[in-house]
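# Structural overview for review
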Amino acid sequence: MRASVLALLSAALIAACSLDQEEKVRAQVEDWVKLGETHYFFSRVNCTAALFEVKATRISSMVKKVRDVETGMRMITEGTAVAFEIDGMSPTVVTEQIMTRDLPQGIGVLSSGTSGKDCMAVEMEEAYFNALLDPTSVLIFEPEEKFMAVFDRRNRRLFYSRGRTS
């Protein structure tokens with residue numbers, strides 16, 4: 001009995017020290033893409049990183065899709081989650097374009113994408129970096145919860161990155 005109480009308290013303490021829980025993260029993105037297995041999930045007090053298998057290459061209509069940076073920036077300002085499906089533009093190029101047009105907004109997007117890196121395993125960092133540079137990948141930004149997802153269409157996976165904001 002005492003061991004089970006200690007295990008329960010330990011689990012509660014670990015959860016309290018995490019920025020996010022896997023179930024909540026899945027719930028935030030599963031309406032946008034058809035998720036499969038969780039390949040990676042790690043969260044601590046200052047960051048969260050996750051990697052999910054994706055079962056289909058289509059992004060649902062539950063997230064607003066844009067074909068140009070200006071429209072996406074306007075939607076972010078309105079507090080709307082947005083998927084930047086811009087032909088030939090990698091998530092890195094999209095972020096650079098946002099920063100060129102509106103530095104504070106661009107830094108917000110960039111920090112969401114980079115702050116989760118502290119919670120990534122080394123192998124995941126490399127895969128995430130490659131997805132960020134791939135023009136077939138789609139950057140999805142959620143301005144209210146301040147997280148970035150990168151839909152790596154080529155490899156059918158979704159990266160999730162979020163850091164604690166002050």
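So, a few notes on the structure that sits alongside this text. (Residues numbered from 1 in each chain as written. Predicted model: local features only at pLDDT ≥ 70, side-chain atom pairs only at ≥ 80, totals over all residues. Heavy atoms only, no water.)

### Some thoughts on the overall build of the protein
Quick reminder of the rule: Comment: elements are numbered from the N terminus, with helices defined as DSSP H or I runs of at least four residues and strands as E runs of at least two. Think of it in three bands: residues with accessible area under 20% of the maximum for their type are buried, residues over 50% are exposed, and the middle band is partly exposed, with areas taken using a 1.4 Å probe on protein chains only. The contact rule is simple, with two residues in contact once any of their heavy atoms fall within 4.5 Å. Each accessible area value is a Shrake-Rupley result obtained with a 1.4 Å probe; residue values ignore everything except the protein chains displayed when judging cover.
Counting its regular elements, the protein contains six helices and seven strands. When burial is assessed residue by residue, the protein has 45% of its 166 residues classed as buried. A sequence separation of at least 24 residues applies to 58% of the contacts in the protein between residues at least 6 apart. When the accessible surface of the protein is split by element, carbon and sulfur atoms take 55% of a total near 8900 Å².

### What about the side chain of D152?
Following the sequence through the fold, D152 ends up in strand β6 (residues 147–152). Look at D152 and you get buried, because its relative accessible area is 1%.

### Regarding the sheet that holds strand β5 (residues 138–142)
Think of a sheet as strands paired side by side through backbone hydrogen bonds, with each pair either parallel or antiparallel. Let me state the cut-off plainly: A strand pair is defined by DSSP finding two or more bridges across the two strands. Working convention: axes come from line fits to C-alpha atoms, limited for helices to the stretch in contact. Angles between N-to-C directions cover 0 to 180 degrees.
One open sheet accounts for seven strands, arranged β1-β2-β7-β6-β5-β4-β3; its pairing is mixed. Edge strands, defined here as strands with exactly one partner in the open sheet, are β1 (35–44) and β3 (64–66). Adjacent strand axes in the sheet meet at a mean angle of 20 degrees, parallel and antiparallel pairs treated alike. Taken together, the seven bridges between strand β2 (residues 47–54) and strand β7 (residues 157–163) define a ladder with antiparallel strand orientation. Across the sheet, the residue bridging to A50 is Y160, located in β7. The strands that helix α2 (residues 22–29) touches are β1, β2, β6 and β7; relative to β1, the one it contacts most, it runs at about 130 degrees. Contacts from helix α4 (residues 91–101) reach β4 (82–84), β5 and β6, with the element oriented near 50 degrees to β5.

### Details of the nonpolar core
One broad trend across soluble globular proteins is that nonpolar side chains are buried collectively. This is how the line gets drawn: Here, nonpolar core means buried Ala, Val, Leu, Ile, Met, Phe, Trp, Tyr and Cys residues that are tied together by side-chain atoms lying within 4.5 Å of each other.
F84, I98, V109, Y128, V150 and F159 are the most contacted members of the largest nonpolar core, which has 27 residues in total. Those elements giving two or more residues to this core turn out to be β2, α3 (69–77), β4, α4, α6 (122–133), β5 and β6. For Y128, the contacting residues outside a window of four places in its chain are G113, M120, M148, V150, F159 and S161. Ranked by size, the runner-up nonpolar core spans 19 residues in total, among them V25, V29, F52 and F147.

### Observations regarding the packing of aromatic side chains
Threshold: Pairing of aromatic side chains requires ring centres within 6.5 Å, counting the rings of Phe and Tyr and the six-membered ring of Trp. Pairs whose planes differ by under 30 degrees are stacked, by over 60 edge-to-face, and all others tilted.
Overall, the coordinates contain three aromatic pairs when judged by the stated rule. Measuring from ring centre to ring centre gives 5.4 Å for Y128 and F159, while their planes differ by 55 degrees; the resulting arrangement is tilted. Of this pair, Y128 sits in helix α6 while F159 sits in strand β7, and the two are 31 residues apart along the sequence. We classify Y128 as buried; its relative accessible area is 5%.

### Description of the pattern of salt bridges
The cut-off we apply is this: Salt bridges are counted wherever a side-chain nitrogen of Lys or Arg sits within 4 Å of a carboxyl oxygen of Asp or Glu.
Under the counting rule described, the total for this entry stands at ten salt bridges. Across the pair E145 and K24 runs a salt bridge whose closest N-O atoms are separated by 3.7 Å. Placement of the pair is E145 in the loop between β5 and β6 and K24 in helix α2, with a sequence separation of 121 residues. Taking the relative accessible area as the measure of exposure, K24 reaches 40% and is therefore partly exposed. Across the pair E85 and R153 runs a salt bridge, and its minimum N-O distance is 2.5 Å. Residue E85 is found in the loop between β4 and α4, and its partner R153 is found in the loop between β6 and β7; the two are separated by 68 residues along the sequence. Residue classification places E85 among the buried residues on the basis of a relative accessible area of 11%. Through salt bridges with shared partners, a single network forms among D20, K24, E145 and R162.

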